[in-house]
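Descriptive analysis of the structure
Take a look at the letters that make up each chain.
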Amino acid sequence: QVQLVESGGGLVQAGGSLRLSCAASGSILSINNMDWYRQAPGKQRELSATVTSSNNTRYADSVKGRFTISRDNAKNTVYLQMNSLKPEDTAVYYCHANVVVGGFGYQFSYWGQGTQVTVSS
């Protein structure tokens with residue numbers, strides 16, 4: 001009933017920038033937290049950034065000061081602006097959202113399919 005579709009990944013040199021987008025669609029009443037996670041090869045998935053429905057943000061220490069999360073509630077879209085990228089930022093980036101679904105009125109957790117970000121040294 002709800003889909004999250006990410007875009008914007010790719011290959012970039014160290015020090016460069018990328019902007020990820022994630023659009024939610026389907027039977028959406030409202031969206032609470034929207035997050036970006038990442039999973040590097042051989043490592044567990046980790047939370048990189050969160051934005052609440054009231055636009056409060058939190059960041060992992062590893063990305064603080066370099067990444068900026070934002071959302072457009074009218075478009076049900078969350079963004080991740082990534083600057084000063086480092087090779088250690090290489091990972092698959094996943095969008096996540098807690099969505100209150102129409103017809104149920106309950107909150108469900110949804111994930112995007114992931115987008116690859118590769119930072120070359």
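Summarised in this report is the structure supplied together with it. In this text, all values refer to a predicted model and were calculated from it rather than measured experimentally. (Residues numbered from 1 in each chain as written. Predicted model: local features only at pLDDT ≥ 70, side-chain atom pairs only at ≥ 80, totals over all residues. Heavy atoms only, no water.)

**As for a nonpolar patch on the surface**
Taken together, the side chains of Phe104, Tyr106 and Phe108 present a nonpolar region at the surface, about 340 Å² in accessible area. When you line up the elements, Phe104 lands in the loop between β9 (91-101) and β10 (107-111). Given the relative accessible area of 45%, Phe104 is considered partly exposed. (Patch = residues over 30% accessible without salt bridge, like charges linked within 9 Å, V, L, I, M, F, W, Y side chains within 5 Å. Areas by Shrake-Rupley, 256 points an atom, 1.4 Å probe, with all protein chains shown as cover. Salt bridge = Lys/Arg side-chain N within 4 Å of Asp/Glu carboxyl O. Helix = DSSP H or I, 4+ residues; strand = E, 2+ residues; numbered from the N terminus. Buried < 20%, exposed > 50% of the residue type's maximum accessible area, 1.4 Å probe, protein only.)

**Quick word on the packing of aromatic side chains**
What the rule picks out here adds up to one aromatic pair. In this structure, Arg45 packs its charged tip against the face of Trp111, placed 4.8 Å from the ring centre. (Phe/Tyr/Trp six-rings, centres within 6.5 Å; stacked < 30°, edge-to-face > 60°. Lys NZ or Arg CZ within 6 Å of the ring centre and 35° of its normal.)

**Examining the layout of surface pockets**
Each pocket or cavity is described by its volume, and for the largest pocket that value is around 160 Å³. Lining the largest pocket are Arg38, Ala40, Pro41, Lys43, Gln44, Glu46, Glu88, Asp89, Thr90 and Ala91. (1 Å grid on protein atoms, 1.4 Å probe; cavity = no way out; pocket = protein on both sides within 12 Å on 5 of 7 lines; lining within 4 Å. Points joined across faces, edges and corners; volume = space filled by probe spheres on them.)

**Section: the environment of Tyr110**
Looking at the secondary structure, you find Tyr110 in strand β10. Separated by 72 residues in sequence, Tyr110 and Arg38 place their C-alpha atoms 15 Å apart. For Tyr110, the contacting residues outside a window of four places in its chain are Gln1, Val2, Leu4, Cys95, His96, Ala97, Val99 and Val101. (Contact = heavy atoms within 4.5 Å.)

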